[in-house]
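Each chain, written out:
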Amino acid sequence: MYFAVLLVLGLGLGIALFHSRFGFTSAWRRLVAVGNGQGVRNHALLLGTTATIFMLLFVTGWSAFGNEPTPTAERSEWDCSSARSSSA
């Protein structure tokens with residue numbers, strides 16, 4: 001059931017975005033050729049909104065399917081302070 005929902009959702013979004021020509025290439029091409037940056041601004045808004053929503057979901061631990069989101073990387077891999085102190 002889970003995969004069927006994801007499949008239908010993915011196919012629906014893919015078809016909708018394909019028919020609306022909401023692609024990264026077409027937006028950049030329109031910016032360079034015509035000077036219309038609306039598509040690039042839309043992509044930036046979409047990216048910012050998605051990043052914010054996912055950040056809020058990860059921080060709160062909310063899940064639609066009952067699986068709590070967990071980070072996959074260890075904290076020590078991303079800690080830049082340990083790399084700076086060891087090189088000094």
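Look up: the structure comes first, before these words.
Undergrad: I'd love a proper account of the environment of phenylalanine 65, names of residues and values included.
TA: Assignment of secondary structure puts phenylalanine 65 in the loop between helix H3 (38-60) and helix H4 (75-78). Along the sequence, phenylalanine 65 and tyrosine 2 sit 63 residues apart, while their C-alpha atoms lie 8.1 Å from each other.

Undergrad: Explain the layout of surface pockets to me, and be specific about the residues and the numbers.
TA: Here the largest pocket defines a volume of roughly 250 Å³. Looking at the largest pocket, it is lined by 11 residues, and the ones nearest its centre are Tyr2, Trp62, Ser63, Ala64 and Phe65. Breaking the lining of the largest pocket down by element, the ones donating at least two residues are helix H1 (2-19) and H3. Among the elements that take part in the lining of the largest pocket, H3 stands out by supplying three residues, more than any other. Here the lining of the largest pocket is composed, by residue class, of nine nonpolar, two polar and no charged.

Calculation notes
Sequence order as written defines the numbering, with residues in each chain counted from 1. pLDDT decides what is reported in this predicted model: residues at 70 or higher carry local features, side-chain atom pairs at 80 or more are listed and counted, and totals for whole chains, interfaces and linings draw on all residues regardless. With hydrogens and water stripped out, all remaining heavy atoms of the structure feed into the side-chain values. Helical segments are the DSSP runs of H or I of at least four residues, strand segments are the runs of E of at least two, and each set is numbered from the N terminus. Points on a 1 Å grid, built from protein atoms alone, make a cavity when a 1.4 Å probe fits but cannot get out and make a pocket when they are open with protein on both sides within 12 Å along at least 5 of 7 lines; residues with an atom within 4 Å of a point are the lining residues. Grid points are joined across faces, edges and corners, and a volume is the space filled by probe spheres set on the points. Ten residues, namely Ala, Val, Leu, Ile, Met, Phe, Trp, Tyr, Cys and Pro, are considered nonpolar, four, namely Asp, Glu, Lys and Arg, are considered charged, and the remaining ones, Gly among them, are considered polar.

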